[in-house]
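Summary of structural features
This is what each chain is made of:
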Amino acid sequence: MSYLINRSHPSGPGHPSGPGHPSGPVLPVPPVAAGDSRPGTGVGARTGFGVPGLAHPLLAPAEWNALTRPGGASPLHWVVLNVADGPGVHPDPSCLEAVGRLRNAGVRILGRLDSAYGLRDGGELLSDAHRFIDWYRADGFLLDRCPADRAALPAVRRAVRALRVIRDDAHIVLGHGTHPHPGHADIADQLVTFSGSWHDYRWSQVAEWTVDHPPERFCHFVHGVPRPHLEEALRIARWQGAATVWFTDRTDRDSRVSPWEPLPGYWDEVVSQVGTGVSE
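Residues numbered from 1 in each chain as written. Predicted model: local features only at pLDDT ≥ 70, side-chain atom pairs only at ≥ 80, totals over all residues. Heavy atoms only, no water.

1. Re the pattern of salt bridges
- Under the definition given, this model contains 13 salt bridges.
- Glu97 serves as the salt-bridge partner of Arg101, at 3.3 Å between the closest nitrogen and oxygen. Residue Arg101 and its partner Glu97 are both found in helix H2 (residues 93-104); the two are separated by four residues, about one turn of the helix.
- In this structure Arg101 comes out as partly exposed when scored by relative accessible area, which is 28%.
- Through salt bridges with shared partners, a single ionic network connects Arg112, Asp114, Asp144 and Arg145. (Salt bridge = Lys/Arg side-chain N within 4 Å of Asp/Glu carboxyl O. Helix = DSSP H or I, 4+ residues; strand = E, 2+ residues; numbered from the N terminus. Buried < 20%, exposed > 50% of the residue type's maximum accessible area, 1.4 Å probe, protein only.)

2. Some thoughts on H2
- Helix length check: H2, at 12 residues, gives a terminal C-alpha distance of 16 Å against a target of 16 Å (1.5 Å per residue), a fit within 8%.
- All buried positions along H2 are accounted for by Ser94, Cys95, Ala98, Val99, Leu102 and Arg103. Projection of H2 onto a plane perpendicular to its axis shows the buried side chains occupying an angular sector of 160 degrees, all on one side. Among the exposed residues of H2, those oriented more than 90 degrees off its buried face are Pro93, Glu97 and Asn104.
- Turning to H2, the residues buried within the fold contact helix H1 (61-67), strand S3 (76-81), strand S4 (108-114) and helix H3 (122-136). (Expected span 1.5 Å × (residues − 1). Arc of directions from axis to C-beta. Contact = heavy atoms within 4.5 Å.)

3. Observations concerning the packing of aromatic side chains
- Evaluated as defined, the whole model comprises 11 aromatic pairs.
- Judged by centre distance (6.4 Å) and plane angle (50 degrees), the rings of Phe132 and Tyr136 are tilted. Of this pair, Phe132 and Tyr136 both sit in helix H3, four residues apart, which is roughly one turn of the helix.
- Aromatic pair Trp246 and Trp267: ring centres 5.6 Å apart, planes at 45 degrees, arrangement tilted. (Phe/Tyr/Trp six-rings, centres within 6.5 Å; stacked < 30°, edge-to-face > 60°.)

4. Re the pairing of strand S5 (residues 140-144)
- Judged by how many residues are buried, S5 sits mostly within the fold: four of five residues are covered.
- Judged from the five bridges that link them, S4 and S5 form a sheet pairing that is parallel. From the neighbouring strand, Gly111 faces S5, where its bridge partner is Phe141.
- With H3 bridging S4 and its parallel neighbour S5, the resulting β-α-β unit is right-handed.
- Where S5 and strand S6 (residues 171-175) come together, five bridges link them in parallel fashion. Counterpart to Asp144 in the pairing with S6 is Gly175.
- Assessed by its sense of winding, the connection that carries the chain from S5 through helix H4 (residues 153-166) to S6 is right-handed. (Pairing = 2+ DSSP bridges. Right-handed = clockwise from strand over helix to strand, strands pointing away.)

The structure is reproduced here in structure tokens:
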């Protein structure tokens, strides 16, 4: 059984009741600090960004360029490349140029592989993985829409094992978007245990089993974070034990554009809070 630890609203002693909000006792959230650790570990972790999928470089050249401005790459843990729902059908010159700049800056590039919650054919996943490595020299993969239940463990384990045959040092992130069965933690390098809105994140709960793993193993993607709440969002991530984050003020209200495709409107500010600022 996976137990959940309740967290209080960082700006007050309690939380509202009603649908969508946890009930019961809550634990206080400590002040934010660069070396904050989650409860029970006693281990600090350096927070950085996992970029879940900017728009194609032709559509968002300024966004890709911003990642490699002086100082801009310093807090980046990795950047996901999604050419056309995967690697595309041939090498894309714009993507080659964009990932080349990031690689020269020392940033890890992950190819996006869509698992379709376990419904995708394994041969198709491996074909896409080969293209990402052959064409873009990918350092690893984000296995997006990864199934999270216990029954999926054997299939996910086989998929990750096959990916490591292609590249044995591949950095592999399982994109569950929620807390999976704890057995998934032994399969990959990192797990995305939250992907959703700021409204849900503020009152989110962390699975108790995550305390047995260092913060470097977990990622949180949060959209719709207002600028005044950036510090609060960082505090939640650190207290819940996630060292890789992506916070943006973009929302999912426009179904035609993913909230992850543009950079946050406050990009320079959030970089300055997490790492070295990109603006003087």
